[in-house]
Amino acid sequence: MDHFVFKRKRINEVKYAEACSSSTVGSDSVNSDSIEKNIDSNLQTSTLFEPHFKKKKVSARRYNEDYLKYGFIKCEKPFEKDRPQCVICNNILANESLKPSKLKRHLETQHAELIDKPLEYFQRKKKDVKLSTQFLSSTTVSEKALLSSYLVAYRVAKEKMAHTAAEKIILPACLDMVRTIFDDKSADKLKTIPSDNTISLRICTIAEHLETMLITRLQSGVDFAIQLDESTDIGSCMTLLVYVRYVWQDDFMEDFLCCLNLTSHLSGLNIFTELEKCIVGQYKLNWKNCKGITSDGTANITGKHSRVVKKLLEVTNNGAVWNHCFIHREALASREIPQNLMEVLKNAVKVVNFIKGSSLNSRLLEIFCSEIGTNHAHLLYHTKVRWLSHGKILSRVYELRNEIHIFLIEKKSHLASIFEDDIWVTKLAYLTDIFGILNELSLKLQGKSSDIFEHVERIQGFRKTLLLWEARLKSNHPSYYMFPRFLQHIEENIINENILKEIKLEILLHLTSLSQTFNHFFPEEKFETLRGNCWVKDPFAFRNPESIVELNLVPEEENELLQLSSSYTLKNDYETLSLSAFWIKIKEDFPLLSRKSVLLLLPFTTTSLCELGFSVLTKLKTKERNGLNGTADMRVALSSCVPDWNELINRQAHPSH
């Protein structure tokens, strides 16, 4: 059959060639119509003998509402029907992906942190996707250009970039890409993206919109807590940052509240007055709704002559609690060092300053380390402001100790002699270890959405660890397993036994001093309230009525706790949700316990968000932009709220002049 079809097609091709040839030779007698007729007939004859295979009909898969638990909805865009769309990343998958296994795989691989989210979370995301889809489908070309302008400005502010980047980098790059992939006509549409002056206006508009959104939420009467800290920018201007945490929907929200530029000679009372003008005067908030105040404990905020915190507690009718930043307290406790070890630290800092203080020395050391092939080629500066400074500089100096020694000898520096002292290097190894451990503790105390129970557990665990180490060193067979660099150094080098005993006594003295200072900055009596409310951390640990009676709760609260601890359904929520989200979720069924728990968890425990804000301010206000008023940029960069583009697009593209 195949041979017959091939032979028949070959005959038709010959006839077609003859027809074309005859039409060329006899062009005067054969017109074009006859040629076309002949060609069509030959082609038609050819197709009669071609084999026809019946295509397998592939039925399109249908969307099921159960797929929402994997984070997928049915795409509503034109020409994209019956295709799943992720509510998180907005990616549209093929119709063949409408299988639970494939949708689940997308969730597990692309959004692993959302696997345990309840169905209600994806339902809220579904509403956002539908609103944005309806909004984009209803906008005109000019409105889309305006929206693009806002989106560009939003990205510029989020990335802390100069406003001129939109005109000098982003727009030209977009024009090149669109012109290359599409055409000049499509690229011309992008030229409506405005200049850097309008980008500045867009950022201010977005910042004002985000501020209004936040203040509207706070004005609704929700409880909130604040953290505040002050510092100076590159222009030596004093700046006060305030962050707020409040209850919104199903969990706590943390957001940037305000940035106040203050003059350096302001007293504590003046600082409070400026804060009062902003919080009460401008934002119209009620201090009675403030349930927590957190600061770093500096004299400007908490000193006896400043009394900013004292005034804040007074205006809240003592309804708020004040927390001294855990990270700041840990840093203060870490400063207590015996004199002999302090000399080791000071000499290490001198070495760093000698090398980093000269650009030539710094470059020469870098070249020397690169030639040798060390893991690091730079030393780090030491500063008291940065919490992790001690551990990082000591670690780098210890790692490069041999290279630094050779370099200092070549530079004929007297500091080279300290690296020839085995006792000094041994003590340096210990300081590197202990400050590295303190760095790890500091990092664990940082981050968002951490509650006071977690921080107290970490501090108490570290205090017990110090006691364990003291007991280990006091034993007849002391062990140094907790200090790996120190242990490796004494194993690889011959250290006199008497000298090692002296070093052990200095280490023991330092650990004892650390233990005492941690007890001073984290006194046990401050944690009595937490012990009395330990049921907040794990309410399901109190299933027996006898254990509930010991908690000193009122009868109504005891009854709620008994009912709550008996619910296996709510225990599943407790295991999947954050502690704050769990207590907010059950506020309707257990109002007394929920209210008490939320008030305990709401206050900040650290001022790490303010430190993050100062880092952003440092990136915004550079030497080239030291005159910038970065309040609007900071709000857009730090805000947790998402702009309502539908509302923004209805505003005028340019303000009236």
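Every value quoted in this text rests on a predicted model; they were computed, and no experiment measured them.

A. Looking closely at the overall build of the protein. Helix and strand counts for the protein come out as 29 helices and seven strands. Per-residue burial for the protein yields a buried fraction of 44% across its 657 residues. Counted over contacts in the protein with a minimum sequence separation of 6, partners at least 24 positions apart contribute 67%.

B. Structural context of the pattern of salt bridges. Overall, the coordinates contain 16 salt bridges when judged by the stated rule. Lys-585 is the salt-bridge partner of Asp-573, the closest N and O atoms lying 3.3 Å from each other. Linking Asp-573 in helix H24 (residues 568-576) with Lys-585 in helix H25 (residues 579-585), this pair joins segments that are 12 residues apart in sequence. Residue class for Asp-573 comes out buried when judged on its relative accessible area of 14%. You can call Lys-585 partly exposed: its relative accessible area is 44%.

C. How the structure looks around helix H6 (residues 165-181). The end-to-end C-alpha distance of H6, which contains 17 residues, comes to 23 Å, matching closely the 24 Å that a straight helix rising 1.5 Å per residue would cover. The axis of H6 is deflected most strongly, by about 25°, at Leu-171, and proline Pro-172 appears within four residues downstream. Of the positions making up H6, those classed as buried are Ala-165, Ala-166, Leu-171, Leu-175 and Val-178.

D. Spotlight on the sheet that holds strand S6 (residues 290-295). A sheet is described by the order of its strands in space; here five strands give the open sequence S5-S4-S3-S6-S7, paired in mixed fashion. In this open sheet, the two edge strands, each paired with only one partner strand, are strand S5 (251-262) and strand S7 (321-324). Going from strand to strand, the sheet's axes swing by 20° on average, the running direction of each strand aside. Direction of pairing for strand S3 (residues 224-232) relative to strand S4 (residues 238-248): antiparallel, over a ladder of nine bridges. Each bridged residue has a counterpart across the sheet, and for Ile-226 the counterpart in S4 is Val-244. Strand contacts of helix H27 (residues 608-620): S3, S4 and S5, with the helix running at about 45° to S3, the strand carrying the most contacts.

E. Quick look at the confidence of the model for the protein. When pLDDT is averaged along the protein, the result is 79, and 78% of the positions lie at 70 or above. Within the protein, helix H26 (residues 591-601) carries the highest mean pLDDT (94), whereas helix H2 (residues 32-48) carries the lowest (43). A low-confidence stretch, residues 380-388 (pLDDT under 50), is modelled with 25 contacts involving residues beyond four sequence positions or located in other chains. For residues 653-657, every residue scores under 50 in pLDDT, and the model assigns this stretch four contacts once sequence neighbours within four places are set aside.

F. Just the pairing of S6, in detail. Among the six residues that make up S6, six are buried, leaving the element largely enclosed by the rest of the structure. Both S6 and S7 contribute to a ladder of four bridges, which runs parallel. What sits directly across from Ile-293, in S7, is Trp-322.

G. Just a nonpolar patch on the surface, in detail. Nonpolar side chains collect at one region of the surface, where Met-177, Ile-181 and Phe-182 lie side by side and expose about 380 Å² of accessible area between them. Its location among the elements puts Ile-181 in helix H6.

H. Focus on the packing of helix H17 (residues 422-444) against helix H18 (residues 452-474). At a closest axis distance of 10 Å, the pairing of H17 and H18 adopts a crossing angle of 165°. Judged on the interaxial angle alone, H18 and H17 are roughly antiparallel. For the pair H17 and H18, the sense of crossing is right-handed. On H18, the residues that touch Ile-434, Ile-437, Leu-438, Leu-441 and Lys-444 of H17 are His-455, Arg-458, Ile-459, Phe-462 and Trp-469. Classifying every residue of the contact of H17 with H18 by side-chain character gives seven nonpolar, one polar and two charged.

Thresholds, definitions, all that
Residues numbered from 1 in each chain as written. Predicted model: local features only at pLDDT ≥ 70, side-chain atom pairs only at ≥ 80, totals over all residues. Heavy atoms only, no water. Helix = DSSP H or I, 4+ residues; strand = E, 2+ residues; numbered from the N terminus. Buried < 20%, exposed > 50% of the residue type's maximum accessible area, 1.4 Å probe, protein only. Contact = heavy atoms within 4.5 Å. Salt bridge = Lys/Arg side-chain N within 4 Å of Asp/Glu carboxyl O. Expected span 1.5 Å × (residues − 1). Bend = angle between axes of the 7 residues up to and from the residue. Pairing = 2+ DSSP bridges. Axes fitted to C-alpha atoms, helices over the stretch in contact; angles between N-to-C directions. pLDDT = per-residue confidence, 0-100. Patch = residues over 30% accessible without salt bridge, like charges linked within 9 Å, V, L, I, M, F, W, Y side chains within 5 Å. Areas by Shrake-Rupley, 256 points an atom, 1.4 Å probe, with all protein chains shown as cover. Parallel < 35°, antiparallel > 145°, perpendicular 65-115°, else oblique. Left-handed = near helix turned anticlockwise from the far one by under 90°. Nonpolar A, V, L, I, M, F, W, Y, C, P; charged D, E, K, R; others polar.

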